[in-house]
Amino acid sequence: MISLTTKLLRTLLVLTLLPAVCQSATTTENDAPKMGDVATTVARMLESAHYSRTRLDDDVTPGVTQARRALERYLQLLDYNHLFFTQSDIDDILAKHGDSIQNDIMLGNLKPVYDIYDLFLNRVTSRVEKVQTLLAKDFTFDSKRTLSLNRDKLPWPATEKEADRIWSNRIEGELLQANLAEVALKEAAEKAKEKAPSASASATATPAASPAPDTTETAPAPPERTPKEKIQKRYERLLKSLHEESREDQANAFLSALAQSYDPHSDYMSQRALDNFNIQMRLSLVGIGAELRSEDGYAKIMGLIPGGPAERGGQLKVNDRIVAVAQGNNEFEDVVDMKLDRVVELIRGKKGTTVRLQVIPGNSANSSKLNVITIVRDEVKLKDEEAKAQVINTQDKNGKDVRIGWITLPSFYADMTQRGGTAKSTTKDVAALLKRLKREGIEGLVIDLRRDAGGSLDEAVRLTGLFIPKGPIVQAKDTDGTIKALSDPDPGVLWDGPLIVLTNRLSASASEIFAAALQDYGRAIIVGDTQSFGKGTVQTLLDVDRFMPLFANTGKSGALKLTIQKFYRIKGGSTQLRGVTSDIILPSITDQPDFGESALKNPLNYDEVPARSFTPEDTATAVLSQLREASEVRIASNPEFSYLSEDNKRIHEQLEKNSVSLNRAERIAEIDADKARREARNTERKARPKSPYKAVELTLDNVNAPTLPEVSLDKPPKKTPGERLDEDGKPVVDDDFVFVDPVRDEALLIMQDYIRLEHAPTTAQAKAAEISAP
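Keep in mind it's a predicted model, so treat the numbers as computed, not measured.

Calculation criteria
Residues numbered from 1 in each chain as written. Predicted model: local features only at pLDDT ≥ 70, side-chain atom pairs only at ≥ 80, totals over all residues. Heavy atoms only, no water. Helix = DSSP H or I, 4+ residues; strand = E, 2+ residues; numbered from the N terminus. Buried < 20%, exposed > 50% of the residue type's maximum accessible area, 1.4 Å probe, protein only. Contact = heavy atoms within 4.5 Å. Areas by Shrake-Rupley, 256 points an atom, 1.4 Å probe, with all protein chains shown as cover. Core = buried A, V, L, I, M, F, W, Y, C linked by side-chain atoms within 4.5 Å. Axes fitted to C-alpha atoms, helices over the stretch in contact; angles between N-to-C directions. Parallel < 35°, antiparallel > 145°, perpendicular 65-115°, else oblique. Nonpolar A, V, L, I, M, F, W, Y, C, P; charged D, E, K, R; others polar. 1 Å grid on protein atoms, 1.4 Å probe; cavity = no way out; pocket = protein on both sides within 12 Å on 5 of 7 lines; lining within 4 Å. Points joined across faces, edges and corners; volume = space filled by probe spheres on them. Phe/Tyr/Trp six-rings, centres within 6.5 Å; stacked < 30°, edge-to-face > 60°. Salt bridge = Lys/Arg side-chain N within 4 Å of Asp/Glu carboxyl O. Pairing = 2+ DSSP bridges. Left-handed = near helix turned anticlockwise from the far one by under 90°. pLDDT = per-residue confidence, 0-100. Expected span 1.5 Å × (residues − 1). Arc of directions from axis to C-beta. Polar contact = N/O pair within 3.5 Å; in protein donor to acceptor, adjacent residues only side chain to side chain. Right-handed = clockwise from strand over helix to strand, strands pointing away.

Peer 1: How should the overall build of the protein be read in this particular structure?
Peer 2: When you go through the protein residue by residue, the secondary structure sums to 21 helices and 26 strands. Relative to its 774 residues, the protein shows a buried fraction of 50%. Counting only contacts in the protein whose residues sit at least 6 apart along the sequence, the fraction spanning at least 24 positions is 77%. Taken as a whole, the protein presents about 36,200 Å² of accessible surface, with 53% of it coming from carbon and sulfur.

This is the structure we're talking about:
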């Protein structure tokens with residue numbers, strides 16, 4: 001993300017101030033005048049500053065204007081799975097508003113948006129009433145019917161009768177899933193009970209009790225619900241949350257649809273969404289340091305952030321359920337069935353202020369008891385989202401000890417609210433880790449960008465500069481065709497040894513800039529999925545209030561994340577849609593065509609620009625073919641990659657099929673087959689010798705510590721992606737699960753070969769001869 005030019009900002013300011021007097025003239029909603037002004041301002045910003053420079057009345061496809069596309073996007077956001085509206089609803093909405101929505105937006109008239117939402121709410125209300133009738137039926141689960149899983153690419157139901165049929169199948173499917181999950185959870189509980197230690201043993205192993213809470217109160221115990229009751233409650237909560245959407249919330253959703261109609265990465269952010277975005281970029285917030293998830297109407301504690309006020313206090317525990325929140329000594333506000341973002345808003349606050357929580361203890365057998373916990377808010381560092389590293393001690397195939405550094409980078413974060421030496425910076429953090437890794441004597445470095453969705457463009461450029469002498473890193477093209485290169489001006493290099501960058505289809509944006517530059521320079525070997533995500537656009541964040549009419553400026557109008565440029569590799573190609581192609585491809589569960597830019601709505605097209613002049617390093621290029629050949633041989637004989645190939649084939653077939661059986665016997669057979677496959681793999685894994693590799697963990701907290709703590713490579717990292725979940729989204733605990741990461745293990749073997757070849761006493765000519773040999 002980068003800043004707009006002063007000229008562009010001035011243009012926007014002029015364009016947004018001129019027609020202010022005629023905004024919101026026809027709107028009657030209480031809070032609509034402000035949101036009407038916001039809508040008009042956002043529309044003008046999109047028309048004037050988006051990379052495409054498309055006006056709302058321009059045709060983007062034959063017969064479809066930009067404004068009509070935004071309306072269609074809004075309908076898709078409301079009813080993503082095409083379940084509540086019928087095709088006649090959609091036709092009526094587009095006939096009534098498709099040609100006039102552009103004028104409504106420019107005049108600040110959001111009444112059509114509110115009317116559409118009210119219609120949607122009416123359809124959901126009617127459907128929830130019918131759900132209750134459907135749940136009263138007795139299902140036998142012995143039919144040969146199937147349920148479509150994802151309906152987003154299917155047409156809306158043609159008639160109400162067709163909608164009723166779809167919903168009958170849907171409720172039957174949800175009830176079958178709930179029944180199967182209930183059986184599975186009971187089996188898991190029995191299994192856990194068999195493995196549980198005796199009472200005396202557990203008593204001796206229990207740590208000292210935490211300080212007692214302030215008070216204990218009595219409340220009605222939440223009832224145990226049947227599968228039918230759970231499903232009914234789920235839809236009642238959906239309806240309640242939709243009723244709680246204010247006109248401002250509805251307008252925010254439409255403005256997001258408006259921005260996303262230009263491209264998938266432009267977006268409107270309400271003030272609340274903007275605050276959350278800034279938290280993720282600077283990796284800090286003021287609050288209590290608890291991770292929450294909505295579950296059965298409660299805000300449930302899923303984790304405590306290390307060093308945060310909640311963890312330091314020792315009273316709030318994982319699995320506690322929050323029922324009420326109070327500010328200081330004020331009265332409690334009930335939060336059961338409240339939207340999670342609203343609960344989070346109540347818990348956050350200014351540093352040094354007090355919040356009280358009324359919770360049902362997660363470990364209490366008596367859920368009628370409520371604990372009241374008092375916590376003083378403080379700054380919370382999101383440590384889990386920072387760069388971190390490991391020193392991995394390995395042995396190559398010749399028995400030689402090889403020490404490899406491994407840096408995991410979750411995102412390209414940067415504190416955009418402040419500058420200077422104290423501001424949070426990806427490059428600064430990675431440099432600190434890398435200096436310690438060098439002191440630990442590493443011979444090779446792997447940078448893991450799997451699941452790194454990007455972040456700051458400036459950080460991508462600066463981080464690349466740690467590994468190459470000065471030179472161009474990436475090219476950026478403005479809408480007028482002006483192309484400029486962003487370069488590393490510093491000739492210093494922090495690491496010039498063997499380097500691997502690990503990517504997959506979830507590696508996007510800044511990750512792709514970093515990987516592409518190092519690949520073009522021949523400085524690193526890219527290992528991973530066939531290609532990365534494929535995002536080749538640059539966004540900036542604009543404060544909407546800066547462009548609002550003076551009389552309507554509230555200071556809380558949110559921000560527009562706006563695509564203003566496309567970026568290109570220094571060789572002239574783009575990562576847009578095509579991503580960064582791996583030099584060495586490894587089978588992976590994420591290597592699916594449904595992951596990536598091309599699967600999103602309204603992506604910008606691929607194009608190229610002239611290449612830049614630069615001096616390649618080519619330290620990785622000389623050994624690439626040998627490394628690829630050796631890796632292919634290992635992959636062919638590695639059972640884990642065979643498993644992954646089987647899984648990918650099965651996933652692809654399931655995606656193509658896009659349906660699930662409503663027959664209990666068939667579903668049980670599928671579950672049993674999945675279980676048998678999982679157990680067979682687990683048995684085979686247990687029979688393998690354990691990894692001889694040893695590792696120590698390096699974080700920003702211990703980067704200068706005299707010794708580093710050991711860490712197991714046989715245990716999953718926190719929040720392992722892809723963990724199995726039950727039908728309510730709860731992790732399925734399996735103590736017998738053997739953790740494997742074949743992509744990591746193969747990357748380590750590739751690095752071992754890389755280091756060996758770098759140290760081999762061969763001339764450059766001999767290496768070239770080896771590469772050209774068949």
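There is more to say after this.
Peer 1: What is the right way to read the nonpolar core from this model?
Peer 2: Nonpolar side chains tend to gather and get buried jointly when the protein is soluble and globular. One finds Val42, Phe85, Leu255, Leu258 and Leu560 to be the most contacted residues of the largest nonpolar core, which totals 65 residues. Looking at this core, the element that brings in the most residues is helix α6 (residues 111-135), giving eleven residues. Once you skip the residues sitting within four places of it in the chain, leucine 560 turns out to touch Val42, Met45, Leu46, Ala259, Asp267, Tyr268, Thr540, Leu541, Leu542 and Val544. If you look at the next biggest cluster of nonpolar residues, it comprises 56 residues, including Ile279, Trp495, Phe514 and Leu698.

Peer 1: Explain the packing of α6 against helix α10 (residues 247-260) here, please?
Peer 2: Packing of α6 against α10 brings their axes to within 10 Å, and their N-to-C directions diverge by 105 degrees. As summarised for this structure, α6 and α10 are arranged roughly perpendicular, according to the angle between their axes. On the side of α6, the interface is formed by Val113, Tyr114, Tyr117 and Asp118, while α10 contributes Arg247, Gln250, Ala251 and Phe254. Tallied by class, the residues present in the contact of α6 with α10 amount to five nonpolar, one polar and two charged.

Peer 1: Is there a simple way to think about the layout of surface pockets in this case?
Peer 2: Unfilled space is identified by rolling a water-sized probe across the atoms. Here the second largest pocket defines a volume of roughly 770 Å³. What lines the second largest pocket is a set of 25 residues, among which Arg688, Pro689, Ser691, Asp714 and Asp745 lie closest to the centre. For the lining of the second largest pocket, the secondary structure elements donating two or more residues are α19 (664-687) and α20 (742-759). The leading source of residues in the lining of the second largest pocket is α20, at four residues. In the lining of the second largest pocket, the residues fall into eleven nonpolar, two polar and twelve charged.

Peer 1: Explain the packing of aromatic side chains here, please?
Peer 2: For any pair of aromatic rings, the description rests on two quantities: the centre-to-centre distance and the angle between the ring planes. Following the criterion strictly, the structure yields nine aromatic pairs and no others. Geometrically, the ring pair formed by phenylalanine 84 and phenylalanine 120 is edge-to-face, given 5.7 Å between the ring centres and 85 degrees between the ring planes. Residue phenylalanine 84 is found in the loop between α3 (66-78) and α4 (87-97), and its partner phenylalanine 120 is found in helix α6; the two are separated by 36 residues along the sequence. Take phenylalanine 120: its relative accessible area is 3%, and that puts it in the buried class. Summarising the aromatic geometry, the rings of phenylalanine 84 and tryptophan 167 are spaced 5.3 Å apart at their centres and angled 50 degrees between planes, so their arrangement reads as tilted. With phenylalanine 84 in the loop between α3 and α4 and tryptophan 167 in helix α7 (residues 160-195), this residue pair connects regions lying 83 residues apart in the sequence. With respect to class, phenylalanine 84 is no different from tryptophan 167; both count as buried. Among the aromatic residues, ring-to-ring pairing joins Phe84, Phe85, Phe120, Trp167 and Tyr235 into one connected group.

Peer 1: Just checking my understanding: could you explain the pattern of salt bridges for this structure?
Peer 2: Per the counting criterion, the structure on display carries 51 salt bridges. For glutamate 172, the salt bridge identified is with arginine 145, shortest N-O distance 2.7 Å. Here the residue glutamate 172 occupies a position in helix α7, and arginine 145 occupies one in the loop between α6 and β3 (146-148), the gap between them amounting to 27 residues. A residue is classified by how much of its surface remains accessible, and glutamate 172, at 3% relative accessible area, is buried. Here glutamate 386 ties to lysine 424 by a salt bridge, and the two come within 2.7 Å at their closest N and O atoms. Taken as a pair, glutamate 386 in the loop between β13 (378-381) and β14 (388-395) and lysine 424 in the loop between β15 (401-408) and α14 (426-439) lie far apart in primary sequence, 38 residues in all. Overlapping salt bridges bring together Arg272, Glu333, Asp341, Arg342 and Glu345 as one network.

Peer 1: Got a minute to help me understand the sheet that holds β14 in this structure?
Peer 2: Paired through backbone hydrogen bonds, the strands of a sheet run either parallel or antiparallel to each other. With respect to topology, eight strands assemble into an open sheet ordered β23-β20-β19-β16-β15-β14-β25-β26, the strand pairing being mixed. Edge positions in the open sheet fall to β23 (584-585) and β26 (710-711), since each of these has one partner strand only. Here five bridges tie β15 to strand β16 (residues 444-448), and the two strands are oriented parallel to one another. Within β16, the position partnered with threonine 408 by the bridge is aspartate 448.

Peer 1: Looking at this model, I keep getting lost on the packing of α3 against α6. Mind explaining?
Peer 2: For any two helices packed against each other, the geometry is given by the interaxial angle and the distance between the axes. At a minimum axis distance of 11 Å, the contact between α3 and α6 shows a crossing angle of 30 degrees. The pairing of α3 with α6 is recorded here as roughly parallel in orientation. The two elements α3 and α6 meet at a crossing, and its hand is right-handed. Two secondary-structure elements touch here, α3 through Leu71, Tyr74, Leu75 and Leu78 and α6 through Val113, Ile116, Tyr117 and Phe120. Classifying every residue of the contact of α3 with α6 by side-chain character gives eight nonpolar, no polar and no charged.

Peer 1: Just checking my understanding: could you explain the confidence of the model for the protein for this structure?
Peer 2: Predicted coordinates in areas of low pLDDT are best not read in detail. Mean pLDDT over the protein stands at 87; residues scoring 70 or higher make up 86%. Contacts from residues 719-733, a stretch scored under 50 in pLDDT, to residues over four places away or in other chains number 27 contacts. Overall, residues 767-774 carries pLDDT values under 50, and its contacts beyond four positions in sequence, including any with other chains, amount to ten contacts.

Peer 1: What exactly am I supposed to notice about empty space enclosed by the protein here?
Peer 2: With the rule as written, the count across this model stands at one cavity of 30 Å³ or more. In this structure, the largest cavity encloses a volume near 40 Å³. If you trace the largest cavity, you find it lined by Ile473, Val474, Glu512, Ile513, Ala516, Ala517, Phe567, Tyr568, Arg569 and Thr575. At the level of elements, β17 (471-477), α16 (510-520) and β22 (559-568) are the ones that each hand at least two residues to the lining of the largest cavity. Per-element accounting of the lining of the largest cavity gives the leading share, four residues, to α16. Residues belonging to the lining of the largest cavity are distributed by class as follows: seven nonpolar, one polar and two charged.

Peer 1: Would you explain helix α18 (residues 639-657) in this entry?
Peer 2: Along an α-helix, residues three or four positions apart point the same way, because every turn accommodates 3.6 residues. With 19 residues, α18 ought to run about 27 Å at 1.5 Å a step, and its terminal C-alpha atoms sit 27 Å apart, in line with that. All buried positions along α18 are accounted for by Glu640, Phe641, Tyr643, Leu644, Asp647 and Asn648. Mapping the buried residues of α18 onto a view down its axis gives an arc of 145 degrees, with all of them on the same face. Residues Lys649, Glu656 and Lys657 are exposed on α18 and point more than 90 degrees away from its buried face. Along its buried surface, α18 packs onto α17 (624-637), α19 and α20. The backbone nitrogen of glutamate 640 lies 2.9 Å from a side-chain oxygen of the residue at the head of α18, namely asparagine 638. In the stretch just after α18, asparagine 658 is the one whose phi turns positive, near 55 degrees.

Peer 1: Explanation requested: the pairing of strand β19 (residues 499-503) in the structure shown.
Peer 2: When a strand is regular, its side chains alternate between the sheet's two faces. Counted residue by residue, β19 has five buried out of five residues, so it is predominantly covered. As paired elements, β16 and β19 share four bridges and run parallel to each other. For valine 446, the partnering residue across the bridge sits in β19 and is isoleucine 500. Examined bridge by bridge, β19 and strand β20 (residues 525-528) share four bridges and lie parallel to one another. When the sheet's bridge partners are listed, isoleucine 500 is paired in β20 with isoleucine 525. Each parallel crossover has a hand, and for β19 linked through α16 to β20 it is right-handed.

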